[in-house]
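Architecture at a glance
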Amino acid sequence: MSFETISLLLNWMEMGVLLAILFRLSNTFQLIANTQRELRRAIHNLGTYDTAEAGANGGFHRSESAFVLRSGRGPADTGTRMAPDDLADLPL
């Protein structure tokens with residue numbers, strides 16, 4: 001085989017490999033997008049489930065349960081408490 005034939009064959013193989021990589025990458029991005037969509041749907045359904053459950057128990061109002069769902073967790077407790085008088089000593 002001549003050099004030109006081998007070079008052309010290698011170029012075609014390189015194109016095939018690049019197309020295969022792009023196809024595989026496309027599938028990966030589709031998988032990520034589907035996973036994100038399912039997670040959003042699950043979080044949304046969890047929020048409606050929590051709201052319905054809290055409403056049935058009468059423990060929370062809708063806005064309070066939505067706040068708890070969005071915040072994830074409460075503020076961190078550092079162990080120190082600040083009294084209202086502590087603010088008066090701060091310089092302006």
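Residues numbered from 1 in each chain as written. Predicted model: local features only at pLDDT ≥ 70, side-chain atom pairs only at ≥ 80, totals over all residues. Heavy atoms only, no water.

Scanning the protein for helices and strands turns up three helices and zero strands. Of all 92 residues assigned to the protein, the portion counted as buried reaches 3%. A total accessible area of about 8900 Å² is found for the protein, and carbon and sulfur atoms account for 65% of it. (Helix = DSSP H or I, 4+ residues; strand = E, 2+ residues; numbered from the N terminus. Buried < 20%, exposed > 50% of the residue type's maximum accessible area, 1.4 Å probe, protein only. Areas by Shrake-Rupley, 256 points an atom, 1.4 Å probe, with all protein chains shown as cover.)

Attention now moves to a nonpolar patch on the surface. Taken together, the side chains of Leu8, Trp12, Met15, Val17, Leu18 and Ile21 define a hydrophobic patch exposed on the protein surface, amounting to about 650 Å² of accessible area. If you trace the backbone, Trp12 turns up in helix α1 (residues 3–57). (Patch = residues over 30% accessible without salt bridge, like charges linked within 9 Å, V, L, I, M, F, W, Y side chains within 5 Å. Salt bridge = Lys/Arg side-chain N within 4 Å of Asp/Glu carboxyl O.)

As a further point, take the pattern of salt bridges. Applying the stated criterion across every chain yields a total of one salt bridge. A salt bridge links Arg41 to Glu38, with the shortest nitrogen-to-oxygen separation between them at 2.6 Å. Highlighted residues: Arg41 and Glu38, both in helix α1, separated by three residues, approximately one helical turn.

We now examine the confidence of the model for the protein. When the pLDDT values of the protein are averaged, the result is 76; 53% of them are 70 or greater. For the protein, the element scoring lowest by mean pLDDT is helix α2 (residues 62–71), at 48; α1 scores highest, at 89. The low-confidence segment residues 63–72, where pLDDT is below 50, has six contacts with residues more than four positions distant or belonging to other chains. (pLDDT = per-residue confidence, 0-100. Contact = heavy atoms within 4.5 Å.)

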